[in-house]
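Read off the chains here:
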Number of protein chains: 2
Amino acid sequence: MSLNEQVKENIAKNKEDYIEYLQKIVQEQTITGNEKKAQQIVADRLTSKGLEVDVWDPDYEELTKSEFFNPLRDNYDNSPNVVGVLKGKGEGPSVILNGHIDVVPEGDVNKWTDHPYSGAVKDGKLYGRGTTDMKGGNVSTLIALETIINLGIELKGDVIYESVIEEETGGAGTLSAIQRGYHADIAIVPEPSEMKIFPQQQGSLWFKVTVKGEAAHGGTRYEGVSAIDKGWLVYKKILELEEKRNEPLRKDPLYKDNPIPIPINIGQFNAGNFPSSVPEIATIEGRYGVAPGETLQEAKEEFKKMLEGLAEIDERFEKDPATVTWGGIHLPPGGCDLDHPMLEILKDKYEEVKNEQPILAGSTWGTDGGLLTQAGNIPSIIFGPGTTSMAHYTNEYVELDKVFETAEIICLSIIEWCGIVK
Amino acid sequence: MSLNEQVKENIAKNKEDYIEYLQKIVQEQTITGNEKKAQQIVADRLTSKGLEVDVWDPDYEELTKSEFFNPLRDNYDNSPNVVGVLKGKGEGPSVILNGHIDVVPEGDVNKWTDHPYSGAVKDGKLYGRGTTDMKGGNVSTLIALETIINLGIELKGDVIYESVIEEETGGAGTLSAIQRGYHADIAIVPEPSEMKIFPQQQGSLWFKVTVKGEAAHGGTRYEGVSAIDKGWLVYKKILELEEKRNEPLRKDPLYKDNPIPIPINIGQFNAGNFPSSVPEIATIEGRYGVAPGETLQEAKEEFKKMLEGLAEIDERFEKDPATVTWGGIHLPPGGCDLDHPMLEILKDKYEEVKNEQPILAGSTWGTDGGLLTQAGNIPSIIFGPGTTSMAHYTNEYVELDKVFETAEIICLSIIEWCGIVK
């Protein structure tokens, strides 16, 4: 039996067990601060497979030393990271399989058909918050790893399996794993790419712009300056900046099918606090896409310059400049060279398993892959089974076939990348 | 000594007492729900002058029977109205002196030079929340009334002094006084007109428009429809409606100096709840000026029609129409005929006291005068000492000279209007 056939067969015969395991970790509501029980399940599983397992709570003090740290919490007590290492038996390239255990909140429970943490399986789909983003992906990489062990394959290079906290709110888990010394020659992050391969991932920053008007009574509103009017000027200027920043990327083959490769999404516009007063303050909050290859600092500078340019269209901004603060999501872009050997391997294995060419694209969101690349100096590739459009949505699901196919492709890729002893 | 001289002299010799009384009622923080202690001071004062005094908590159930009722509370227990009646000794026209005891909240205490309820006197100004709007005015009418009593003048018609609650939040106090049967041939409301005479007062409605977009992830924002964009279309349409409604009033001599006679002030624009999502809902809240002579219903209809017209500029509004609700301030316009005899009297007395022509204008805000006119069928005139621009503002004050001059003019006007018993 060829290696490919052995891998396929071994995955097939353990499917029920893998589905049960995925259900178990989905049934834990791993919103921020509540990761511990699920992480214990992951650690136990890795231990049972004979890996060296490391479980630790990220160290807040240590994290503050990194320029990439952007905390939303003031400690990580009882929010452990889990890393399991399958030590290589020789000299060979290593790989990190990185995935986050945290999920975004489930929203309105009543909008879900099943309970948000049911793990119910229907028509080949497994339902629940976090199935697509990204516990399904984490199970794909776990299957890849276990299949190697099950088949008794001895690799030359290390395989480092990371189940991290806090991706959804800024990346402290992955940053802590980097600081703890986990390093490899390549990282695969099985975020929900729908089995597209993302060799480039954009970064993501959250901004809050404050715009000033002048208060007045509603009855004599002509005596004031509406912060809504001034805020609208900022809004339009932000959209102009988005257009300018996306222009060059539209020619990039990875982004050619994407109408807005690195979007600036304005998610909130809030002005005023009394119906009968002219609003004095407007705040505009959003998400700022950072181009692959760009640093967060460069992206912030360009945004700031745009705000400074407002004085040219309205002199009020000379007196009261619009200001920006950065908070919340703070993920750098990441990726690997387009001729990186692991990228070639993944493409080949995809073709072998799926009998078709993979789609390469650039991610429309930031992930921990950016931290691995920029903070950890580890090239990273996104490739996962989840359905992109279901991430963060009601009735989130992952297609089980894709979980297993992704596992198969990653398993074969790891074997080729790390090399077999003998 | 002429009557005019007697009035002037009597006011002059009691100034200290009046200032002390104004301080006492300013020092009570009469925000909504906290009116009782100040109202007791008013009632005691009226009683001490020999008036028939009526103190009652407005009856919620009774109020609900009026189309003009727009409650922000579900009862008025311990928020009494006070009315004192100086019964006429013959057959003569009657007058209501109506003023509200409630004040808007003081805002940020730290922005005030003195404590917001200090009642401090500096350079002829008495400071504190509610001095201009409108306890200073209430003291002007009280002085007018007391001077008549002090001088032993016996009037033919009744003088009804009303100290009401709840003007700032919708008019329940005045509405309750109307329902209780207090009626007169004319009403003077000493709101802060800066001693201008307002024979016409606009009404005021608060609106909240809800606009729908379509949510999507920020990273693929082109899949959604931003409620900010759609909200902006509504915003512009509202401003067009304002222009259209104000056009005819700009020719009105009462409003000729006012760039926007009946403003539509958009005080709040709120959209979205997450930086990285396309905002699904925008709400636009504001204050809608109602023209003198217009009913609230007519004004609402015109607003609704404007919203319906949005479908012509963007078909999305066909599927998801922008909707409006009306809440909070709900004051009809008011006024009196421009040849009303009391208006002539006030103008004459103003000239006699001030040796100059009074300025006649239309009010830029709604007052209880509108309820007196539309719900009570009582013509009403606004004439008060307060500084318009200080109403609702930090370091609010009233100029004491204006309090006394207003008192003098109103005193002489009442005497002429009600007539003296021989």
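Residues numbered from 1 in each chain as written. Chains lettered and ligands numbered in written order. Predicted model: local features only at pLDDT ≥ 70, side-chain atom pairs only at ≥ 80, totals over all residues.

### Comments concerning the overall build of chain A
Okay, so step 1: Helix and strand counts for chain A stand at 13 helices and 16 strands.
Okay, so step 2: Taken against the 2.2 N^0.38 rule, which gives 22 Å for 422 residues, the C-alpha radius of gyration of chain A at 23 Å falls within 12% of a compact globule.
Okay, so step 3: Overall size of chain A, expressed as C-alpha extent along the three principal axes, is 85 × 45 × 45 Å.
Okay, so step 4: Per-residue burial over chain A gives 55% buried out of 422 residues.
Okay, so step 5: Within chain A, counting contacts between residues at least 6 apart in sequence, those at least 24 apart form 80% of the total. (Helix = DSSP H or I, 4+ residues; strand = E, 2+ residues; numbered from the N terminus. Rg over C-alpha atoms; globule rule 2.2 N^0.38 Å. Buried ≥ 20, exposed ≤ 12 C-beta atoms within 10 Å, placed from the backbone. Contact = placed C-beta atoms within 7 Å.)

### Some thoughts on the relation of the copies chain B and chain A
Okay, so step 1: Aligned on chain A, chain B shows an RMSD of 0.2 Å; the corresponding rotation is 179 degrees and the shift along the axis is 0.2 Å. Accordingly, the operation relating the two chain copies is best matched by a two-fold axis. In terms of proximity to the rotation axis, the leading residue of chain B is Asn270 of chain B, whose C-alpha is 2.2 Å off the axis. (Least-squares fit on C-alpha atoms with pLDDT ≥ 70 in both.)

### A look at the interface of chain B and chain A
Okay, so step 1: At the junction of the two partners, chain B supplies 37 residues and chain A supplies 37 residues.
Okay, so step 2: A per-element tally of the side of chain B that touches chain A places strand β10 (residues 264–271) of chain B first, with 7 residues.
Okay, so step 3: Sheet topology places strand β10 (residues 264–271) of chain A next to β10 of chain B; 3 bridges connect them, and they run antiparallel. Residue pairing in the sheet places Ala271 of chain A in a bridge with Phe269 of chain B of β10 of chain B. (Pairing = 2+ DSSP bridges.)

### Section: the confidence of the model for chain A
Okay, so step 1: In the predicted model, chain A carries a mean pLDDT of 96, and the fraction of residues at 70 or more is 100%.
Okay, so step 2: Note on the complex model: pTM 0.85, ipTM 0.84. (pLDDT = per-residue confidence, 0-100.)

### Concerning the packing of helix α2 (residues 15–26) of chain B against helix α3 (residues 36–48) of chain B
All names here are of chain B.
Okay, so step 1: Look at α2 against α3: their axes get within 9 Å of each other, and the N-to-C directions meet at 150 degrees. Viewed along their axes, α2 and α3 adopt a mutual orientation that is roughly antiparallel. Within the contact between the two elements, α2 uses Tyr21, Lys24 and Ile25 and α3 uses Ala38, Ile41, Val42 and Arg45.
Okay, so step 2: Counted by class, the contact of α2 with α3 contains 5 nonpolar, no polar and 2 charged residues. (Axes fitted to C-alpha atoms, helices over the stretch in contact; angles between N-to-C directions. Parallel < 35°, antiparallel > 145°, perpendicular 65-115°, else oblique. Nonpolar A, V, L, I, M, F, W, Y, C, P; charged D, E, K, R; others polar.)

### Re the environment of Lys300 of chain B
Okay, so step 1: Looking at the element boundaries, Lys300 of chain B is found in helix α8 (residues 296–308).
Okay, so step 2: On a C-alpha basis, the gap between Lys300 of chain B and Val324 of chain B in space is 9.3 Å, while along the polypeptide they are 24 residues apart.

### Concerning the domain arrangement of chain A
Residues and elements named next belong to chain A.
Okay, so step 1: Domain boundaries assigned for chain A yield domain 1 (3–201 + 333–418) and domain 2 (203–331).
Okay, so step 2: Taking only C-alpha atoms into account, the centre of domain 1 sits 34 Å from that of domain 2.
Okay, so step 3: Facing the 17 residues of domain 1 at the interface are 16 residues of domain 2.
Okay, so step 4: Mapped onto the side of domain 1 that touches domain 2, the elements with two or more residues apiece are β8 (197–201), β14 (360–363) and α12 (368–374).
Okay, so step 5: Considering each element in turn, the side of domain 1 that touches domain 2 owes the most residues, 3 residues, to β14.
Okay, so step 6: Partitioning the side of domain 1 that touches domain 2 into residue classes produces 6 nonpolar, 11 polar and no charged. (Domains from an automatic or database assignment.)

### Looking at the sheet that holds strand β5 (residues 125–127) of chain B
All names here are of chain B.
Okay, so step 1: If you walk across this open sheet you meet the 3 strands as β4-β5-β16, and the pairing is antiparallel. The open sheet has two edge strands, β4 (121–122) and β16 (397–399), and neither has a second partner.
Okay, so step 2: Where β5 lies against β16, 3 bridges are found, and the strand directions are antiparallel. Note that in β16 the partner of Tyr127 across the bridge is Tyr397.
Okay, so step 3: Contacts between helix α13 (residues 400–418) and the sheet are confined to β5 and β16, with β16 contributing the most and set at about 55 degrees to the helix.

### As for the sheet that holds strand β16 (residues 397–399) of chain A
Residue and element names in this part refer to chain A.
Okay, so step 1: An order of β4-β5-β16 is seen for the 3 strands of this open sheet, with the pairing classed as antiparallel. Both edges of this open sheet fall to β4 (121–122) and β16, since each of them pairs with a single strand only.
Okay, so step 2: Seen against the sheet, helix α5 (residues 131–150) touches β5 (125–127) and β16 and runs at an angle of roughly 40 degrees to β16.

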